[in-house]
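So you can see what is in the structure, the chains are spelled out below.
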Amino acid sequence: MKSISNKLASLLLMAGAWVGTAAQAVQDLPGGPAVNQLNLAPPVTRIAEEQQFLHWMMLIICTVIFIAVFAVMFYSIWKHRKSRGAKPANFHESVTVEVIWTIVPFIIVILMALPATKVLVAQKDTTNADLTIKVTGYQWKWGYDYITGEGQGLAYIATLDSSHRRMSDSGNVANAPADYLLKVDNPLVVPVGKKVRVITTANDVIHSFMVPAFGIKQDAIPGFVRDTWFRADKVGDYYGQCAELCGKEHAYMPIHVKVVSAADYTQWVAGEKKKAAAKADDPNKVWTLQDILPRGEKVYAANCAACHQANGKGAGPIKPLDGSAIVKSDDHTQQIHTVLKGAANGAMPSWAQLSDTDLAAVVSYTKNAWSNKTGQIVQPSEILAQRGK
């Protein structure tokens with residue numbers, strides 16, 4: 001009996017330690033999901049506020065109708081039960097009842113439809129935007145192109161932070177941060193109080209751009225252009241995720257929108273334009289192996305390591321790059337075509353959205369990483385020559 005008590009105590013201590021660890025690992029994320037969240041995300045746009053009002057209005061109306069209908073039903077069953085000698089009424093119809101149960105629901109539906117229609121129309125009004133951003137879904141990241149407004153011409157890719165992906169792969173998430181699997185390398189930056197039109201499309205399969213705090217969710221469909229909009233009323237960081245099952249990395253496709261003041265936004269735009277100018281590589285520039293490999297390593301870590309692993313060994317159906325005959329071949333054409341066009345019916349996505357220099361760098365890196373050590377280098381001009389083929 002004593003041994004059973006000791007074992008039980010040990011189990012309780014282990015359970016307590018596990019609960020304590022879990023409690024430390026899970027915490028609220030401002031602008032994102034909260035622990036034990038039951039309601040919709042706290043709204044930071046007028047549309048999101050209206051959606052919350054509609055949500056609660058509909059819930060209250062439905063609850064009142066539910067309680068009233070079942071109250072009348074149960075009262076009638078109890079009041080007119082057989083044990084009390086109740087006799088069934090003998091009639092076929094009542095014009096008054098027919099009119100009441102037609103008109104009353106009609107009025108209720110109209111009262112519900114009017115505010116809902118007003119919000120729906122407002123959601124689709126993307127006119128007079130201060131800023132237009134094209135959002136492109138890729139497997140599995142987001143591309144942002146600033147089309148009009150302050151920041152016009154800026155473009156970049158947002159990818160899940162590599163440290164979070166490694167943490168997920170290892171399964172060791174006891175000390176996961178509050179923004180676990182929501183941190184990206186390049187968040188979408190917008191100014192507070194400005195109307196932002198979001199144009200969505202996709203490069204491969206259907207994705208969906210959703211930020212709950214803004215009250216927006218718009219599918220991104222290959223070959224189609226859809227749009228939505230938001231106007232954030234509060235500075236802060238807000239999070240969302242791809243809301244359409246888009247493949248095996250669907251869970252690793254977060255959205256991070258950073259809303260900043262007008263002055264900070266202007267400063268950010270200036271800084272990004274300087275960075276873009278510095279990165280505007282000449283595709284005809286001839287690189288040395290020593291200079292291009294560090295860049296290729298960064299491109300590989302941000303875009304390729306999620307599938308092919310940091311050690312290049314691949315996993316399951318994903319082919320290894322370490323020791324690959326295509327990678328080690330003196331003929332660069334097939335590997336370049338693979339990164340530009342994809343392979344295996346989309347299982348290997350196209351990376352044509354990356355620059356010629358970035359693609360040349362990552363191909364050069366794979367040819368010289370791990371055990372490959374070919375000493376070969378791929379120049380950006382080779383990528384450029386293959387783009388149109």
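Residues numbered from 1 in each chain as written. Predicted model: local features only at pLDDT ≥ 70, side-chain atom pairs only at ≥ 80, totals over all residues. Heavy atoms only, no water.

*Asks:* So, unusual backbone geometry: which residues are in play, and what are the values?
*Replies:* Here the bond from Q139 into W140 is cis, since omega is 0 degrees, no more than 30 degrees from zero. In this fold, W140 is placed in the loop between β1 (131-138) and β2 (141-148). Despite not being glycine, L181 has its phi angle at roughly 65 degrees, a positive value. Given a relative accessible area of 16%, L181 falls into the buried group. (Helix = DSSP H or I, 4+ residues; strand = E, 2+ residues; numbered from the N terminus. Buried < 20%, exposed > 50% of the residue type's maximum accessible area, 1.4 Å probe, protein only.)

*Asks:* Describe the confidence of the model for the protein, with residues and values.
*Replies:* Across the protein, the average pLDDT comes to 88, with 93% of residues at 70 or higher. The least confident element of the protein, judged by mean pLDDT, is helix α1 (residues 2-25) at 44; the most confident is strand β4 (residues 188-191) at 98. The low-confidence segment residues 1-25 (pLDDT under 50) makes 4 contacts with residues lying over four places distant or belonging to another chain. (pLDDT = per-residue confidence, 0-100. Contact = heavy atoms within 4.5 Å.)

*Asks:* Residues and numbers for helix α5 (residues 262-279), please.
*Replies:* Relative to the 26 Å expected for 18 residues at 1.5 Å per residue, α5 spans 26 Å between its end C-alpha atoms, a close match to the ideal helical length. Those residues of α5 that fall on the buried side of the exposure criterion are Y265, W268, V269 and E272. With its buried residues spanning 105 degrees around the axis, α5 presents them on a single face. Structural note: α5 exposes A263, Q267, K274, A277 and A278 on the side pointing more than 90 degrees away from its buried face. (Expected span 1.5 Å × (residues − 1). Arc of directions from axis to C-beta.)

*Asks:* Can you lay out the pattern of salt bridges for me, pointing to particular residues and giving the numbers?
*Replies:* All told, the structure shown has 11 salt bridges when counted by the stated rule. Note that R197 is salt-bridged to D227, the shortest N-O span being 3.1 Å. Of this pair, R197 sits in strand β5 (residues 196-202) while D227 sits in strand β8 (residues 226-230), and the two are 30 residues apart along the sequence. Overall, the relative accessible area of 26% leaves R197 in the partly exposed class. Measuring nitrogen to oxygen at the nearest pair gives 3.4 Å for the salt bridge that ties E272 to K275. A residue pair is termed a helical-turn pair when its members lie 3 or 4 positions apart in one helix, as E272 and K275 do in helix α5 at 3 residues. Given a relative accessible area of 48%, K275 falls into the partly exposed group. A network of salt bridges, in which partner residues are shared, links R165, D169, K248 and E249. (Salt bridge = Lys/Arg side-chain N within 4 Å of Asp/Glu carboxyl O.)

*Asks:* Give me the environment of L321: which residues, what numbers.
*Replies:* Along the polypeptide, L321 turns up in the loop between α7 (305-308) and α8 (325-328). As for L321 and K367, which are separated by 46 residues in sequence, their C-alpha atoms are 8.6 Å apart.

*Asks:* Run through the packing of helix α2 (residues 46-79) against helix α3 (residues 95-123), naming residues and quoting values.
*Replies:* Relative to each other, α2 and α3 sit at 165 degrees, their axes nearing to 10 Å. Taken as axis vectors, α2 and α3 run roughly antiparallel relative to one another. Seen along the crossing, α2 lies across α3 with a hand that is left-handed. Contacts from I47, E50, Q51, L54, M57, M58, I61 and I65 in α2 reach I108, L111, M112, P115, A116, V119, A122 and Q123 in α3. (Axes fitted to C-alpha atoms, helices over the stretch in contact; angles between N-to-C directions. Parallel < 35°, antiparallel > 145°, perpendicular 65-115°, else oblique. Left-handed = near helix turned anticlockwise from the far one by under 90°.)

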